[in-house]
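# Chains, contacts and geometry: an overview
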Amino acid sequence: MERRTLGRTGVEIPVVGLGTWATLDLADAEQKVADAVVGAAFEAGTRLADSSPMYGRAERVLGRALAGRREEALVATKIWARSVEEGRAQLADQLGFFAGRVDLEQVHNLVAWHEHLDWLERERDAGRVRFLGATHYSPGSFDELARVMRTGRIDAIQIPLNPREREAERELLPLAEELGLGVIVMRPLGGAGSPIPAPPRHELAPLGTVTWAQALLGWALSDPRVTVVIPATRNPEHARENAASPPRLGPEERSLIERLAGS
Ligand SMILES: NC(=O)c1ccc[n+]([C@@H]2O[C@H](COP(=O)([O-])OP(=O)(O)OC[C@H]3O[C@@H](n4cnc5c(N)ncnc54)[C@H](OP(=O)(O)O)[C@@H]3O)[C@@H](O)[C@H]2O)c1
């Protein structure tokens, strides 16, 4: 699979990662479901997995599914807490789930970002966290995200990007490029509750044999400012499909996908 550099961190990662929202919030008895999905994704070349304390049991379940693969994985998770105390408790849990290290710690939805970056920088200096990031799903908060980016304190952002959600193209992607920040794309298929419906198969014929999911992932990755897309799935077949090398698309193919997505 193609690899891209996560901004100024210099770390090279395969361009398709794995999201875990909703899909890995599983009971202990269902761990095998997660093991199969994570196994399929990693065998197909995925290395970055994204989670959050907001996703119920997903971090714990992901940590177990990564047993035996932890060294090859790049774990991106989040602090989602109003207070420093609560945030520290979340990190303590994560260090237990992920063998003592978080690779990319992101401030989820910018909640109390100033307070969290202060102590997270010390955790990074102590080696428990490798890189810092920030995420937001809503264009209404992109100005604030841009302010965080300009502080020079984070290495990567996580934003939505698909043919129906393109607001990040206006300011955030140019700014990420200027500052040398990695870009992680959430909701590349349209989002867990609102996937962009697939068009009839014959409409995709100009793209060759690619599936609709691969077309959407290829669409996001055809923007060179994007580092990695993180589709979520509970289905090992979908994990394999998503991680199969996404198509490289030119302007005409991008336009076709935008039209088929109804954007
Ligand atoms: N920071 C934030 O505010 C934030 C917000 C949203 C998301 N995220 C992160 O971004 C990740 C991705 O976003 P998302 O989960 O909202 O949406 P998404 O990845 O765009 O879409 C997920 C949906 O697509 C389906 N899917 C996956 N692969 C498929 C395939 N090959 N063919 C057909 N359907 C497929 C999945 O169902 P199946 O299980 O049936 O495959 C699931 O319902 C999240 O899991 C999370 O890690 C972060």
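Look up a bit, the structure's there.
Before going into details, it helps to say that this report is about the structure given with it. Per chain, residue numbering runs from 1 following the sequence as it is written. A pLDDT threshold of at least 70 governs which residues receive local features in this predicted model, and a stricter bar of 80 or more applies before side-chain atom pairs are shown or counted, although totals over entire chains, interfaces and linings include all residues. The side-chain values count all of the structure's non-hydrogen atoms but skip hydrogen atoms and water molecules.

## A closer look at the packing of aromatic side chains
- Each Phe, Tyr or Trp ring (for Trp, its six-membered ring) is paired with any other whose centre lies within 6.5 Å, and the angle between the two planes then decides the class: stacked below 30 degrees, edge-to-face above 60, tilted in between. Overall, the coordinates contain two aromatic pairs when judged by the stated rule.
- An angle of 50° between the planes, with centres 6.5 Å apart, marks the rings of Trp21 and Tyr55 as tilted. You can see Trp21 sitting in the loop between β2 (12–14) and α1 (31–43) and its partner Tyr55 sitting in the loop between β3 (48–50) and α2 (58–65), a full 34 residues away along the chain.
- In this structure Trp21 comes out as partly exposed when scored by relative accessible area, which is 45%.
- The class for Tyr55 is buried, based on a relative accessible area of 10%. Helical segments are the DSSP runs of H or I of at least four residues, strand segments are the runs of E of at least two, and each set is numbered from the N terminus. Type-normalised accessible area, obtained with a 1.4 Å probe on protein chains alone, sets the label of each residue: buried when under 20%, exposed when over 50%, and partly exposed for intermediate values.

## Observations regarding unusual backbone geometry
- Positive phi values are uncommon outside glycine, yet Ala22 reaches one of about 70°.
- Locating Ala22 in the fold gives a position in the loop between β2 and α1.
- The class of Ala22 is partly exposed, set by a relative accessible area of 38%.
- The phi dihedral of Ala112 is positive, around 50°, even though this residue is not glycine.
- Secondary-structure assignment places Ala112 in the loop between β5 (102–107) and α4 (113–125).

## Things to note about the sheet that holds strand β9 (residues 228–229)
- With parallel pairing, the seven strands of this open sheet are ordered in space as β3-β4-β5-β6-β7-β8-β9. Bordering the open sheet on either side are β3 and β9, each of which pairs with just one other strand.
- The pairing of strand β6 (residues 129–135) with strand β7 (residues 156–160) spans three bridges and is parallel. Bridging from a neighbouring strand, Gly133 pairs with Ala156 of β7.
- Residues are treated as being in contact if the distance between any of their heavy atoms lies within 4.5 Å. Orientation is described by lines fitted to C-alpha atoms, with helices fitted over the stretch in contact, and by angles between N-to-C directions that extend from 0 to 180 degrees. Each of β4 (74–79), β5 and β6 is contacted by helix α3 (residues 84–97), which is oriented at about 155° to β4, the strand it contacts most.
- Against the sheet, helix α6 (residues 172–179) engages β7 and β8 (182–186), with an angle of about 165° to β7. By the convention used here, strands pair only if DSSP detects at least 2 bridges between them.

## Some words on the side chain of Gln106
- On the secondary structure map, Gln106 appears in strand β5.
- For Gln106, a relative accessible area of 1% corresponds to the buried category.
- If near-sequence neighbours (up to four positions away) are discounted, Gln106 is found in contact with Asp50, Ala76, Thr77, Lys78, Ile79, Gly133, Ala134, Thr135, Gln158 and Ile184.

## Focus on the pairing of β8
- By the criterion of burial, β8 is predominantly enclosed, with five of the five residues buried.
- Residues of β8 alternate between two faces, with Gly182, Ile184 and Met186 on one and Val183 and Val185 on the opposite face, all of them buried.
- Bridge analysis of β8 against β9 gives two bridges, and the strand direction is parallel. Note on β9: the bridge partner recorded for Ile184 is Val228.
- Crossover handedness is defined here as right-handed if the route from the first strand over the helix to the second strand goes clockwise, with the strands pointing away from the viewer. Taking the sense of rotation as the criterion, the β-α-β connection linking β8, helix α7 (residues 212–221) and β9 turns out right-handed.

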